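Fold and geometry: a report
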Amino acid sequence: LPRHVVPIRYDLRLEPDLTATSFAGQETITLTVHQPTSEIVLNAIELDITSAQIKGDSGPARQATIALDAPLQRCHLTFTTPLSPGTWRLTTAFCGTLNDKLRGFYRSTYKDERGATHSLAATQFEATDARRAFPCWDEPDFKAVFATTLVIDPALTAVSNTTIASETLEGGKKVVRFADTIKLSTYLVAFIVGRIEPTEPVMVGQTPLRLWAVPGKGHLARFGQDIAAASLSFFESYYGIPYPGDKLDLLAIPDFASGAMENLGAITYRETALLVDQQSATHGELERVADVVAHENAHMWFGDLVTMSWWNGLWLNEAFATFMEMLAVDAWKPEWK
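Residues numbered from 1 in each chain as written. Predicted model: local features only at pLDDT ≥ 70, side-chain atom pairs only at ≥ 80, totals over all residues. Heavy atoms only, no water.

**A short note on the sheet that holds strand β5 (residues 62-63)**
Read from one edge of the open sheet, eight strands run β5-β4-β8-β2-β1-β11-β14-β13, paired in mixed fashion. Both edges of this open sheet fall to β5 and β13 (164-170), since each of them pairs with a single strand only. Note that strand β4 (residues 47-55) and strand β8 (residues 86-97) share eight bridges and pair antiparallel. By the bridge assignment, Ile-54 is partnered in β8 with Leu-90. (Pairing = 2+ DSSP bridges. Helix = DSSP H or I, 4+ residues; strand = E, 2+ residues; numbered from the N terminus.)

Take a look at the structure:
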């Protein structure tokens, strides 16, 4: 993407409808414009962007002409008069589909103990699928602060990267506002909405740590929570840098494409990579859960706090987390050798 317009902050409000498998959204992106321009180019795909306007520190808001370039997954916003260098606020309204592709903002389904089917909405943005959930500068070095608000059915629960700042009721909906993140790459933003239940939090230093699962599976969380707490503590000590988030949630998602995803503060997992019955599991199954959990926690620093500037550096991100997972699990269970 062009570099003369840079996002600083996203104020993002999303309203997923699990029954209609769709979502509506609006966002205000605070931008720095570095040189005069009459066009802003950002990423978007499979979104219907219904309006876009920009406002500076003075003067009225200016409407943009919206053009989507689907092959390049880009959105071009054109203004009749150039934007001068400085700070601007770009506000867009859009809607999209909770897809069944396991990427972007998607729908996951599962059956409960009685055989009834339930839906939840989850995200998988790495590498380039945040643009399916909201228009954004979807490249790893465009780090920005994210302030997310999720508007949901009151019967459901919402989790995102940070702690909940406020929860209110508006027009029969639950409005969950989350605290600001640290500066993050778009691929690490996450939101999960559904009937999910947490374990009791365990404190690791200043950080509350919980595991989440669909109802009826919470009893399988103990082992994962133990290695999560042990490895988080190990990495804080090893790196000499405090954990960069304000809480840590590990979420077992029924339909999940990869093993796990290192979203800051809201790590998502395939159920088999996080939930395990310690009594009946094989050693190999326990070792896999321990390795994956430690690997994702390692990423909270290497990947999330420090991020490769482009995707060709991903091997280093992953190789380092794989090395660190071995170090942490070895410190936790030296008898495993």
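**Topic: the nonpolar core**
Within the largest apolar cluster, 106 residues are counted, with the highest numbers of intra-cluster contacts made by Ile-40, Leu-77, Phe-134, Trp-137, Phe-191, Leu-250 and Tyr-269. The element contributing the most residues to this core is helix α2 (residues 283-299), with seven residues. In this structure, Leu-77 is in contact with Ser-38, Glu-39, Ile-40, Leu-42, Ala-52, Ala-64, Thr-65, Ile-66 and Leu-90, ignoring residues within four places of it in sequence. (Core = buried A, V, L, I, M, F, W, Y, C linked by side-chain atoms within 4.5 Å. Buried < 20%, exposed > 50% of the residue type's maximum accessible area, 1.4 Å probe, protein only. Contact = heavy atoms within 4.5 Å.)

**Examining the packing of helix α1 (residues 222-239) against helix α3 (residues 314-332)**
Where α1 contacts α3, the two axes come as close as 9 Å, and the packing angle between them is 110°. On the basis of the axis angle, α1 is roughly perpendicular to α3. From α1, Phe-223, Asp-226, Ile-227, Ala-230, Ser-231, Phe-234, Phe-235, Tyr-238 and Tyr-239 reach across to α3, where they touch Phe-320, Met-324, Leu-327, Ala-328, Val-329, Ala-331 and Trp-332. Classifying every residue of the contact of α1 with α3 gives 14 nonpolar, one polar and one charged. (Axes fitted to C-alpha atoms, helices over the stretch in contact; angles between N-to-C directions. Parallel < 35°, antiparallel > 145°, perpendicular 65-115°, else oblique. Nonpolar A, V, L, I, M, F, W, Y, C, P; charged D, E, K, R; others polar.)

**Some points on α1**
Here α1 is 18 residues long and its end C-alpha atoms lie 26 Å apart, about the 26 Å a rise of 1.5 Å per residue gives. The set of residues buried in α1 consists of Phe-223, Gly-224, Gln-225, Ile-227, Ala-228, Ala-229, Ser-231, Leu-232 and Phe-235. Residues of α1 that are buried in the fold lie against β17 (202-204), β18 (207-213), β19 (248-253), α2 and α3. Two residues or fewer past α1, Gly-240 is found with a positive phi of approximately 70°. (Expected span 1.5 Å × (residues − 1).)

**Focus on the pairing of β8**
Along any regular strand, the residues point their side chains to alternate faces of the sheet. Of the strand pairs in this sheet, strand β2 (residues 22-33) and β8 are connected by twelve bridges, and their pairing is antiparallel. Across the sheet, residue Ala-24 finds its bridge partner in β8, namely Cys-95.

**Things to note about the state of the cysteines**
Counting across every chain of the model gives zero disulfides. A disulfide-free cysteine, Cys-95 has its sulfur positioned 13 Å from the sulfur of Cys-75, the nearest such atom. A relative accessible area of 31% means that Cys-95 is categorised as partly exposed. (Disulfide = S-S within 2.5 Å.)

**Side note on unusual backbone geometry**
Ala-127 follows Glu-126 through a cis peptide bond whose omega is 5°. Following the sequence through the fold, Ala-127 ends up in the loop between β10 (117-124) and β11 (145-152). Its identity is not glycine, yet Glu-46 carries a phi of approximately 60°, on the positive side. By the element assignment, Glu-46 lies in the loop between β3 (37-43) and β4. Residue classification places Glu-46 among the partly exposed residues on the basis of a relative accessible area of 43%. A positive phi is found at Gln-73, a non-glycine position, where the angle reads about 55°. Within the element layout of this structure, Gln-73 appears in the loop between β6 (65-69) and β7 (74-83).

**Re the sheet that holds β3**
One open sheet holds the three strands; their spatial order is β3-β7-β6, and the pairing between them is antiparallel. Looking at which strands have only one partner, the edges of the open sheet turn out to be β3 and β6. Recorded for the sheet is a direction-independent mean angle of 25° between the axes of neighbouring strands. In this sheet, β7 lies alongside β6 in antiparallel orientation, the contact comprising five bridges. Its bridge partner lying in β7, Leu-68 is registered against Cys-75.

**Here we look at α3**
Compared with the 27 Å implied by 1.5 Å per residue over 19 residues, the 27 Å span of α3 between its first and last C-alpha is a close match. Within α3 the residues assigned to the buried category are Asn-317, Ala-321, Met-324, Glu-325, Ala-328 and Val-329. End-on view of α3: buried residues confined to an arc of 130°, all on one side of the axis. If you follow the buried residues of α3, they end up packed against α1 and α2. (Arc of directions from axis to C-beta.)

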